[in-house]
Amino acid sequence: MASSIQATDLDIYYGSFLAVHDVTMTIKPQTVTALIGPSGCGKSTFLRAMNRMHEVIPGARVEGKLELDGTDLYGPGIDPVTVRRQIGMVFQRPNPFPTMSIYENVAAGLRLNSTRIAKGDMDVLVERSLRAANLWEEVKDRLGKPGAGMSGGQQQRLCIARAIAVRPDVLLMDEPCSALDPISTLAIEDLINELKNEYTIVIVTHNMQQAARVSDVTGFFNIEGTGKPGKLVEMDETKRMFSQPREKATEDYVSGRFG
Amino acid sequence: MTTTAPRSAERAVDTPLTTVPRVGGVLPRWGTWAVLAAAAALVGGLLALVGFSISLFILATALLFGVAVYLWSRVIEGRRRAKDRLVTITVTGAFLLALAPLVSVVVTVLLKGLERFDPMFFTYSMSGILGPGGGAYHAIMGTLIITGLAAVMSIPIGLLAAIYLVEYGRGRLARAITFFVDVMTGIPSIVAGLFAVALFALFVGPGARLGIMGAIALSVLMVPVVVRATEEMLKIVPNELREASYALGVSKWRTIVKVVLPTAVAGIAAGITLAIARVIGETAPLLITVGLTTAVNLNPFAGRMATLPVFSYYSYASPGIPREAFVDRAWTAALVLIIIVLGLNLIARLIARVFAPKTR
Ligand SMILES: Nc1ncnc2c1ncn2[C@@H]1O[C@H](COP(=O)(O)OP(=O)(O)OP(=O)(O)O)[C@@H](O)[C@H]1O
Ligand SMILES: [Mg+2]
């Protein structure tokens, strides 16, 4: 299931604006990789480039190489739609489909693609995904109710269930807890710890403790000034990044002496 | 009444913020109504002396009422509250003023239209009728058929154009379409009629009168309205939903059909219904493209048809004898039109309620 990602000399543009410059990074399977860095340094941009969501924005493009288990994701003949099926994404703000019930939200990945699947199999899949997202017990009696009627934390876990229901190889999360209270945050962090057995996870976070708690590897992005591109400064095992980073900038940032 | 309390509005400024400013006096709840009654009585009494006039009565009462409430409130409640009351009165007054013509129209059409609002009106045509009696069955069917045809042609075109503009359109072509849609929204309806006449003069020869010509003229008027309404609705669908769908590996087209459109369908349906309501009462284009008959013709591809607006127009403009019979039918046709538009609005609301995203 879980796959590795290799970025080589990746440049990411919005039109003529170079947002992220020259990122080379290896993401190992079945690990949690945290991306940290100041606002505007291109963490989200990099994350979205990994499942080709970046190009949805008009004028946005990518140069360099990005490989999923050795396959060039930006190679000719690669359909971005299939890339996104293998690399799922959870967004900063929970965004369940407002017209769909909880059940339909989880089933959306398959239903929207008109994948033929027996009702019984779908029930099993929905239950398994909701269990994996630690949401099953809370919603099993109201699967037919709208997903928009839940609390923010539940909605975010619903979005995670929706993302893993299509059985991706990699799960990208862009500040998945920034809109949540500490208890929901903890629930999601526990969830990430469990999911790591099956998926490769990349998470963007502004919360140093969170990065320290959930990730195995941490990458620090930085930006020299406004208008300059963001760069990957340093990437290492999380323990090391927080105790004895090689770069001064990293040390300043993780210890809160930034800016 | 607690007139002993300090006047809070002025006082609040220089009292320290640590103490909550005390509320000043308040007009009694019946206060404004009492002032209104007093103003009406006073103005009525004065006018009775010089000769009564309803418009003058309303105007003078409103003015006196506003001034009196303001002054009273000013003395007891302070400046801020007094202003608030004055604005409330002004806004309410403006609302009532705007409502007046609407109510007047509905009441007039109801009173005059009910005269012939009978089963015969809905079951008989005018074929062979020279005086009283007869009905507008042919015109009602004509209006439904022609408007229906116009809707069938305009809705897919308008929907797809709006989807193109919001989801795909970039650059020159999109801007050009937006521009032409804007221009077409303001096109006078007679121009649409003339366009249909000119178009059919090419194919069928001059002087043709067909239901389909009217439908085409109406859809020229309808398409831009549908495009505009749909465009607005698609634009307010949050981008996050599209991205959520893309991130599940759903293609763009499926995302539009299965996520964007269902999310916006309530508003789109309402917009389409209003677009239909907008064209169903058009007279001028139908006058020159469809004409009028006295007999039932349900085939929009052969010969003239009757429609409610044109029926109403001719009944009123060139009545026969006795005149009342024709004028009554004109009003009833107008009433039926209003009822149809009302029904369309109710349907739009129903659709909006059924499809609206639910939270519980
Ligand atoms: N849609 C866009 N069009 C043009 N420029 C963009 C767009 N989105 C982001 N940018 C620019 O790209 C740079 C990186 O933005 P990005 O959103 O990736 O930052 P980030 O690290 O995720 O910040 P934050 O921590 O605040 O989320 C910024 O300079 C930003 O202004
Ligand atoms: Mg971001």
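Remember, predicted model here, so these are calculated numbers, not experimental data. (Residues numbered from 1 in each chain as written. Chains lettered and ligands numbered in written order. Predicted model: local features only at pLDDT ≥ 70, side-chain atom pairs only at ≥ 80, totals over all residues. Heavy atoms only, no water.)

Peer 1: How would you sum up the overall build of chain B? Please name residues and give values.
Peer 2: Within chain B, the regular secondary structure consists of 14 helices and 0 strands. Its helices and strands taken in sequence order, chain B reads α-α-α-α-α-α-α-α-α-α-α-α-α-α from the N to the C terminus. Since a compact globule built from 360 residues should have a radius of gyration of about 21 Å, the 29 Å found for chain B marks it as more spread out than a globular shape. For the C-alpha atoms alone, the extent of chain B along its principal axes is close to 85 × 70 × 40 Å. By residue count, 39% of the 360 residues in chain B fall in the buried class. Long-range pairs, those at least 24 residues apart, make up 70% of the contacts in chain B between residues at least 6 apart in sequence. Summed over all atoms, the accessible surface of chain B reaches about 19,500 Å², with 72% contributed by carbon and sulfur. Each charge class in chain B was averaged separately, 30 positive and 15 negative side chains, and the resulting centres sit 3 Å apart. (Helix = DSSP H or I, 4+ residues; strand = E, 2+ residues; numbered from the N terminus. Rg over C-alpha atoms; globule rule 2.2 N^0.38 Å. Buried < 20%, exposed > 50% of the residue type's maximum accessible area, 1.4 Å probe, protein only. Contact = heavy atoms within 4.5 Å. Areas by Shrake-Rupley, 256 points an atom, 1.4 Å probe, with all protein chains shown as cover. Lys, Arg positive; Asp, Glu negative; His and termini not counted. Charge placed at Lys NZ, Arg CZ, Asp CG, Glu CD.)

Peer 1: Which residues make up the nonpolar core, and what values do they have?
Peer 2: Formed by 56 residues in total, the largest nonpolar core has its most connected members in A:Phe97 and B:Leu308. Top contributing element to this core by residue count: helix 11 (residues 252-280) of chain B, with 11 residues. A:Phe97 has contacts with A:Asn105, A:Ala108, A:Leu112, A:Arg162, B:Leu241, B:Ala244, B:Ser245, B:Leu248 and B:Val259, leaving out every residue within four places of it along the chain. Counting 43 residues, the second-largest nonpolar core is a separate cluster that includes A:Met122, A:Val139, A:Ile160 and A:Ala211. (Core = buried A, V, L, I, M, F, W, Y, C linked by side-chain atoms within 4.5 Å.)

Peer 1: Lay out the pairing of strand 7 (residues 170-174) of chain A in plain terms, naming residues and giving numbers.
Peer 2: Residues and elements named next belong to chain A. For strand 7, a buried count of 5 out of 5 residues is recorded, marking the element as mostly surrounded by other parts of the structure. Neither face of strand 7 is left uncovered, since the one carrying Val170, Leu172 and Asp174 and the one carrying Leu171 and Met173 both have all their residues buried. As defined by bridge partners, strand 6 (residues 87-90) adjoins strand 7 across 4 bridges and the pair is classed as parallel. Opposite methionine 89, over in strand 7, you have leucine 172 as the bridge partner. As paired elements, strand 7 and strand 8 (residues 200-204) share 5 bridges and run parallel to each other. Looking across to strand 8, one finds that valine 170 is bridged to threonine 200. After leaving strand 7, the chain enters helix 7 (residues 182-195) and then returns to the sheet as strand 8, a path that is right-handed. (Pairing = 2+ DSSP bridges. Right-handed = clockwise from strand over helix to strand, strands pointing away.)

Peer 1: For the site of ligand 1, give the residues involved together with the corresponding values.
Peer 2: Residue and element names in this part refer to chain A. Taken together, the neighbourhood of ligand 1 is formed by 13 residues, with Ser39, Lys43, Ser44, Thr45 and His206 sitting nearest. Here an oxygen atom of ligand 1 sits 2.7 Å away from a polar atom, N or O, in the side chain of lysine 43. The contact in question runs from an oxygen atom of ligand 1 to an N or O atom on the side chain of histidine 206, over 2.6 Å. Elements with a contribution of two residues or more to the shell around ligand 1: strand 2 (17-27) and helix 1 (43-50). With 3 residues, the single largest contributor to the shell around ligand 1 is helix 1. A breakdown of the residues in the shell around ligand 1 according to their chemical character gives 5 nonpolar, 6 polar and 2 charged. (Near = heavy atom within 4 Å. Polar contact = N/O pair within 3.5 Å; in protein donor to acceptor, adjacent residues only side chain to side chain. Nonpolar A, V, L, I, M, F, W, Y, C, P; charged D, E, K, R; others polar.)

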